[in-house]
Amino acid sequence: MAEDLINRPSHYHKHAVLVEPIELCELLGFNLGNCLKYCFRYQDKGNPLQDLKKAQFYIRRILAEDDDQIIFRAYDGGNLLKKRTKVYMDIFRHNEFVLALATEGYMGLSKLIDEKIAELESKND
């Protein structure tokens, strides 16, 4: 049976524990959701450096906003969604990118992405 690249690509559910990582990403704001999406799958699609650079692009957009946004910015009034997002963050806490975000915020996530990019670039030299 051929892989369904539209509805259920393997790089989306490869890291699923109880839910797919994309279920967490879709609860977050656009930039953060995309950033984590690329972080989750960077080793699974054949061009890890490219995916990490995409993640870097999105985290830099967040940092450039220069405001006091919070992870749940899009859902400030939605306590149920905040609770659901926290549950998903806990589920994926084993992921080093989610852990960096949860413990060190956007700057910690950005630093980890930069480190991973540098590591991959040094291997390519």
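Everything below is about the structure shown above.
These lines cover the structure that appears in this document, whether it is placed above or below.

What counts, and at which threshold
Residues numbered from 1 in each chain as written. Predicted model: local features only at pLDDT ≥ 70, side-chain atom pairs only at ≥ 80, totals over all residues. Heavy atoms only, no water. Helix = DSSP H or I, 4+ residues; strand = E, 2+ residues; numbered from the N terminus. Contact = heavy atoms within 4.5 Å. Core = buried A, V, L, I, M, F, W, Y, C linked by side-chain atoms within 4.5 Å. Buried < 20%, exposed > 50% of the residue type's maximum accessible area, 1.4 Å probe, protein only. Disulfide = S-S within 2.5 Å. Axes fitted to C-alpha atoms, helices over the stretch in contact; angles between N-to-C directions. Parallel < 35°, antiparallel > 145°, perpendicular 65-115°, else oblique. Left-handed = near helix turned anticlockwise from the far one by under 90°. Nonpolar A, V, L, I, M, F, W, Y, C, P; charged D, E, K, R; others polar.

Considerations on the side chain of Asp51
Consideration 1: Along the chain, the position of Asp51 falls in helix α4 (residues 48–64).
Consideration 2: Residues contacting Asp51, with those up to four places away along its chain left out, are Tyr38, Arg41, Tyr42 and Lys45.

Notes on the nonpolar core
Side chains that are nonpolar tend, in soluble globular proteins, to be buried together.
Consideration 1: If you look at the biggest cluster of nonpolar residues, it comprises 32 residues, and the most contacted ones within it are Leu24, Leu32, Cys35, Leu36, Phe97, Leu109 and Ile113.
Consideration 2: Secondary-structure elements contributing two or more residues to this core are α2 (21–25), α3 (30–41), α4, α5 (79–91) and α6 (96–124).
Consideration 3: For this core, the element with the highest residue contribution is α6, accounting for 10 residues.
Consideration 4: The residues contacting Leu109, other than those within four sequence positions of it, are Leu32, Cys35, Leu36, Cys39, Ile59, Phe97, Ala100 and Leu101.

What to know about the state of the cysteines
Consideration 1: Summed over the entire model, instances satisfying the criterion amount to 0 disulfides.
Consideration 2: Summary of cysteine pairing: Cys35 is not part of a disulfide, and the nearest cysteine sulfur, belonging to Cys39, is at 4.3 Å.
Consideration 3: Note on Cys35: relative accessible area 0%, which makes it buried.

Examining the packing of α3 against α4
Think of two packed helices as two axes; the pair is described by the angle between the axes and how far apart they sit.
Consideration 1: Packing of α3 against α4 leaves a shortest axis separation of 8 Å and a crossing angle of 155 degrees. Overall, the two elements α3 and α4 adopt an arrangement that is roughly antiparallel. The way α3 lies across α4 gives a crossing that is left-handed. Between α3 and α4, the contacting residues are Phe30, Asn31, Leu32, Asn34, Cys35, Tyr38, Cys39 and Arg41 on the first element and Asp51, Lys54, Ala55, Tyr58, Ile59, Arg61 and Ile62 on the second.
Consideration 2: Residues that form the contact of α3 with α4 fall into these classes: 9 nonpolar, 2 polar and 4 charged.

Worth remembering: the numbers are spatial, not functional.
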